[in-house]
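Summary of structural features
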Amino acid sequence: MRIRMTVMAGLATLAGSIGLYPLFEERGWFAAGLGAVLAVAGGGLLSRRLRLPAACNALFGLLALLFYLNVTYVADAAWLGFIPSPESISRLAALNEAGWQAANRYAAPVPLLPGISLMAAAGIGLVAVLVDLLAVRLRRTAPAGLPLLAMYSVPAAVLEDGVSWLAFGVGALGFLGLLMADAREQVGGWGRTVTTHRRQREVPLAGAASRPEETATRLDAGALAASGRRIAAVAVAVAVLVPAAVPGLQPRGLLDLGGGSGDGTQTVTTPDPLVSLKRELTRLDDSVVLTYRTDDRQAPDYLRLYALDRFDGDRWTYSPLQSSSRDRLTGDELPSPPGLTVASSRKVTTRVEVRREVRNMTFLPVPYAPSKVSIKGDWRVHGPSLMVYSLRDSAGGRSYTVESRRAEPTSAQLAAAGNYPAEVVAHYTAVPRNIPRQIRDLAENVTAGSATALAQAVKLQRWFNQSGGFSYDLSAPAPQHGSDLVDFLLHSKRGYCEQFAASMALLARIIGIPSRVAMGYTPGSEVRPGQWVVRSRDAHAWPELYFQGTGWVRFEPTPAGAAGQGTADAPGYSLPQITAGGGPESRSEPAPEASSPADDDSAQPSAGPRHRGDTGPEGAAGAQEGEEDGFSAAPWLAGGLLVLLLMAVPMALRVLTRRRRWAALTAPRGPEDGPRPGRPPVAPAGAASGGRARTRDPADAAHAAWREMRADALDHGLEWRSSDSPRATARRLGELLELDAEGARALGRIARAEELARYSLSRSPEPPERLRADVRTVRGAFAASVGRRARLRARLLPPSTMEQTRETLRSTTDRVLELATRVNELPARLRRR
């Protein structure tokens, strides 16, 4: 039945399932998974008890899982409360379908609805079936790690931050325990450990003559067990820490200390900003994200996090930001907003407080365009886009003050905007060549008859939120590919702010208007005069279009109000009806409250990071190839270095083992480390005859030299017969290697020292230094007797290291099981007392 392995397989599955915790808002999923694992383990035990074929082992596990799901989720529809019935099966299928729809609707962490709980229990149960079949029934423990690893692939693919190192470590330890239990059973199949009786010594008894006592010797596995623990710990540590050090795998670098304090340039990498947008919009609790106070006498402007300037045919994202220490916020004025030279603007001061519960907000939500930001920590600004970000800090729990310049363009100023700068056209009108022809025709048809860019932009906005037949729907899947946007524009016409913003920005680029997608929050709700609250459902995306003289201005294609994004609002300059000539219809324009046009900062600031995807002024407007990131050698160098480090592990272990083996002979011994029974203590040179100092047993040097020579022989591919005596081994190796006189004498001394250490009570005549030199001589003879390939293998991939690892694993398994046995016997011992 293999009860011990069944228990270890279940524990390994539960340990691996811990990596699923970021997917759920509540903890009940683990209890559901625990029940599934117990049911599968019971089914497997029953199959093995009946001695059925391996295929029945999986069948019994699946049946037990089905019984468990019936009892837990649809007991009222099952026969006798647990036997599956047609009705219970259909209800389970319906519940699974509801869970699948909920999983697609909500972003992780998802609420633990009954359908989602069913999916979690069934998934963990299926993994338990595979692990039980492979590790317990088929005795293939190593492949059982694959279904365990599959559970980590789910959060790694869904979540921005993947799985924490602690959850990964727990799962890795569970799999190591499964491997050790299997190795223990395989070794235990050969029988019990046999102790060898080597010699007798006299034990004086009080009031009686001395009588001989037989002394049993055991192989001291303490060193091997310690080595096994170290190897396991190093393996888990390497798996946890190395990805954090490889560029591109961990955005903030090792131990979350990205950025540094030097003046070097660093690429800012964050997860896809749009990934978390739907999660925020669909949170059931609608939690508060931040609160702010503003002196803006009108309705506050949106709070922007990101400016996404690249469209690759599938998704919008921002160009890689090259960050350096020069970009840090120092309390001085930020770079002037690009293009704001004609339109009037006024100063707005906003005091923001972000809730402590907010995690991983490395970009600050600020009103555009920020001119000064006061915040503690290492925060930086990207000059061209005025995004404020940090390489190491998060905005959660922080308070900061933003001074911004809020542009107030009139419709006439936007309609009379001049030609765009060449660099703006090259970068912000680029679209991939594979945009379908019908999308290009659609952009032309919607904006037909408009003579100015403003007229075209207003027509696009009105088409999306009024005349185009679009509807706001949070249940629509997030766009992942270019075909999703095509379906949104031409067929389904249902989605939320991401689809509306991405589509309008794309159509604007097609007709030649520079555009980008902004993401952040709407103004939220005013709770007191001048005080506003922003909640998770205020997360929003919107397009920004460029007009020379005003710069980047916001448009709002997403429907607002109860049938759309509740707190969204369209800016005033996008509301007037535009005539075919491009001017506004007769209506009075409010006088600007502040008339402080920018002086001569129309040029885009040259300081600050540069977009890696920029094509330069020579790029033409219109369709271009999707921009490719520049080649970076850093990831390749890091990957090559990692491969070299992994290849050096066996060699390093061999060198460390050799050094530790000889270093143990010279280490000082404590008073408790007396000589072995039957071995006289040897005083060190220069020590007084009455001193208390003790040295190592002389036999230790002989054993160390013999083990080292054995490892060298295995590394060079030479046959080593454990049943041979030292003298027979030396004779066979001498005939095989054809040693010279010096080599033969060295081999003879090592063999004689080992022979005396094993079978004689007298001390070895050879000092440790001589034996160590003899081992080096014999090693050289081994290397000279084999080919170049064998010599390289002995140096780079020594086979003795793998053998030592296997022995260490077996020894560690014995220790763990022996400890478990003692713990199990402890209650019985206490009762006997």
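Predicted model, so just to flag it, every value in this text is computed and none were measured. (Residues numbered from 1 in each chain as written. Predicted model: local features only at pLDDT ≥ 70, side-chain atom pairs only at ≥ 80, totals over all residues. Heavy atoms only, no water.)

Description of the overall build of the protein chain
- Broken down by element type, the protein chain carries 22 helices and 21 strands.
- Scored against the burial criterion, the 833 residues of the protein chain give a buried share of 45%.
- Sequence-distant contacts, at least 24 apart, represent 73% of the contacts inside the protein chain between residues at least 6 apart.
- As presented, the protein chain carries roughly 41,900 Å² of accessible surface, and 56% of it is formed by carbon and sulfur atoms. (Helix = DSSP H or I, 4+ residues; strand = E, 2+ residues; numbered from the N terminus. Buried < 20%, exposed > 50% of the residue type's maximum accessible area, 1.4 Å probe, protein only. Contact = heavy atoms within 4.5 Å. Areas by Shrake-Rupley, 256 points an atom, 1.4 Å probe, with all protein chains shown as cover.)

Let's talk about the packing of aromatic side chains
- If you walk through the whole model with that rule in mind, you get 24 aromatic pairs.
- For the pair Phe311 and Trp316, a centre-to-centre distance of 5.2 Å together with 35° between the ring planes defines the contact as tilted. You'll find Phe311 and Trp316 in the same group, each marked buried.
- Ring geometry for Tyr546 against Trp552: centres 5.3 Å apart, planes inclined by 70°, an arrangement best described as edge-to-face.
- Here the basic side chain of Lys493 rests over the ring of Phe470, its NZ or CZ set 5.3 Å away from the ring centre. (Phe/Tyr/Trp six-rings, centres within 6.5 Å; stacked < 30°, edge-to-face > 60°. Lys NZ or Arg CZ within 6 Å of the ring centre and 35° of its normal.)

Some details on the pattern of salt bridges
- Taken as a whole and judged by the stated rule, the model has 27 salt bridges.
- Asp712 is paired through a salt bridge with Arg779; the nearest N and O atoms lie 3.0 Å apart. Placement of the pair is Asp712 in helix H17 (residues 698-715) and Arg779 in helix H20 (residues 768-785), with a sequence separation of 67 residues. The pair Asp712 / Arg779 is uniform in exposure class, with both members buried.
- With a shortest N-O distance of 2.9 Å, Arg727 and Glu755 are connected by a salt bridge. With a gap of 28 residues between them, Arg727 in helix H18 (residues 726-737) and Glu755 in helix H19 (residues 741-759) connect regions that are remote in the sequence.
- Given the relative accessible area of 19%, Glu755 is considered buried.
- What emerges from the salt-bridge pattern is a single network uniting Arg654, Arg658, Glu708, Asp712, Asp715 and Arg779. (Salt bridge = Lys/Arg side-chain N within 4 Å of Asp/Glu carboxyl O.)

Some remarks on the sheet that holds strand S17 (residues 515-521)
- Across the sheet, which stays open at both edges, the five strands sit in the order S10-S5-S17-S20-S21 with antiparallel pairing between neighbours. The two strands at the open ends of the sheet, each matched to only one other strand, are strand S10 (366-367) and strand S21 (551-554).
- As judged from the two bridges shared by strand S5 (residues 303-308) and S10, these two strands associate in the antiparallel manner. Pairing of Leu303 across the sheet is with Pro367, part of S10.
- Against the sheet, helix H15 (residues 497-510) engages S17 and strand S20 (539-547), with an angle of about 15° to S20. (Pairing = 2+ DSSP bridges. Axes fitted to C-alpha atoms, helices over the stretch in contact; angles between N-to-C directions.)

Quick notes on the pairing of strand S14 (residues 399-408)
- What you see with S14 is a clean split: Tyr400, Val402, Ser404, Arg406 and Glu408 sit on the buried side and Ser399, Thr401, Glu403, Arg405 and Ala407 on the side with no burial.
- In terms of strand pairing, strand S9 (residues 344-354) meets S14 through ten bridges, oriented antiparallel. Looking at the pairing, Lys347 lines up with Arg405 of S14.
- In terms of strand pairing, strand S11 (residues 370-374) meets S14 through four bridges, oriented antiparallel. Note on S14: the bridge partner recorded for Lys372 is Glu403.

Examining the sheet that holds S14
- The six strands are arranged S11-S14-S9-S4-S19-S18 in an open sheet whose pairing can be described as antiparallel. In this open sheet, the two edge strands, each paired with only one partner strand, are S11 and strand S18 (525-528). Taken over all neighbouring pairs, the strand axes of this sheet differ in orientation by 30° on average, direction set aside.
- Pairing of strand S4 (residues 288-294) with S9, which is carried by five bridges, proceeds in the antiparallel orientation. Note that in S9 the partner of Leu290 across the bridge is Val354.

Quick notes on the nonpolar core
- Of all hydrophobic cores here, the largest spans 86 residues; its most connected members are Leu364, Phe464, Leu489, Leu507, Phe547 and Phe555.
- Once residues lying within four places of it in the same chain are set aside, the contact partners of Phe555 are Leu454, Ala457, Val458, Gln461, Met504, Trp542, Pro543, Leu545, Phe547, Pro571, Tyr573 and Ser574. (Core = buried A, V, L, I, M, F, W, Y, C linked by side-chain atoms within 4.5 Å.)

So, helix H12 (residues 437-446)
- Residues of H12 that are buried: Ile439, Arg440, Leu442, Ala443 and Val446. For H12, the buried positions fall inside an angular range of 155° around the axis, keeping them on one side. Relative to its buried face, H12 has exposed residues pointing more than 90 degrees away, namely Arg437 and Asn445. (Arc of directions from axis to C-beta.)

Side note on the side chain of Asp473
- Its location among the elements puts Asp473 in the loop between strand S15 (471-472) and helix H14 (482-492).
- There is a polar contact of 2.3 Å between the side chain of Asp473 and the side chain of Arg494.
- Those residues within four positions of Asp473 in sequence are excluded, and the remaining contacts are Arg494, Gly495 and Tyr496. (Polar contact = N/O pair within 3.5 Å; in protein donor to acceptor, adjacent residues only side chain to side chain.)

Quick word on the confidence of the model for the protein chain
- Averaged over all residues, the pLDDT of the protein chain is 77; the fraction at 70 or higher stands at 74%.
- This model gives residues 246-263 a pLDDT under 50, and the stretch forms 36 contacts once residues within four places in sequence are excluded.
- Note on residues 578-631: pLDDT is under 50 here. Beyond four places in sequence and across chains, it has 104 contacts. (pLDDT = per-residue confidence, 0-100.)

Here's the deal with the packing of helix H13 (residues 453-467) against H15
- Look at H13 against H15: their axes get within 11 Å of each other, and the N-to-C directions meet at 150°. Crossing geometry of H13 relative to H15 is assigned as right-handed. Between H13 and H15, the residues in contact are Ala457, Leu460, Gln461, Trp463 and Phe464 and Phe500, Ser503, Met504, Leu507 and Ala508, respectively.
- Partitioned by chemical class, the residues of the contact of H13 with H15 number eight nonpolar, two polar and no charged. (Left-handed = near helix turned anticlockwise from the far one by under 90°. Nonpolar A, V, L, I, M, F, W, Y, C, P; charged D, E, K, R; others polar.)

What to know about a nonpolar patch on the surface
- A contiguous nonpolar surface patch, about 700 Å² in accessible area, is contributed by Leu59, Leu63, Phe67, Val71, Trp79, Leu80 and Phe82.
- Looking at where Leu63 falls in the secondary structure, it is placed in helix H3 (residues 54-73).
- Assessed through its relative accessible area of 39%, Leu63 is described here as partly exposed. (Patch = residues over 30% accessible without salt bridge, like charges linked within 9 Å, V, L, I, M, F, W, Y side chains within 5 Å.)

Brief notes about the side chain of Gln461
- In this fold, Gln461 is placed in helix H13.
- If near-sequence neighbours (up to four positions away) are discounted, Gln461 is found in contact with Met504, Phe555, Glu556, Pro557, Ala570 and Ser574.

Here's the deal with the pairing of S21
- Bridge count for S20 against S21 is four bridges, and the pairing is antiparallel. Residue pairing in the sheet places Phe547 in a bridge with Gly551 of S21.
- Taking the residues that link successive antiparallel strands as the turn, the S20-S21 hairpin has three residues, and the phi of Gly549 there is positive, at about 100°.

Things to note about the environment of Ala757
- Mapped onto the elements, Ala757 comes out in helix H19.
- Along the sequence, Ala757 and His703 sit 54 residues apart, while their C-alpha atoms lie 7.4 Å from each other.

Re the environment of Met180
- In this structure, Met180 sits in helix H7 (residues 165-188).
- Along the sequence, Met180 and Leu817 sit 637 residues apart, while their C-alpha atoms lie 9.3 Å from each other.

Structural notes on the packing of H18 against H19
- The interhelical angle for the contact between H18 and H19, taken along N-to-C directions, is 165°, at an axis separation of 8 Å. Put simply, H18 runs roughly antiparallel to H19. Handedness of the crossing formed by H18 with H19: right-handed. Across the interface between the two elements, Pro726, Arg727, Ala730, Leu733 and Gly734 of H18 pack against Leu747, Ala751, Glu754, Glu755, Arg758 and Tyr759 of H19.
- In terms of residue class, the contact of H18 with H19 is made up of six nonpolar, one polar and four charged. (Parallel < 35°, antiparallel > 145°, perpendicular 65-115°, else oblique.)

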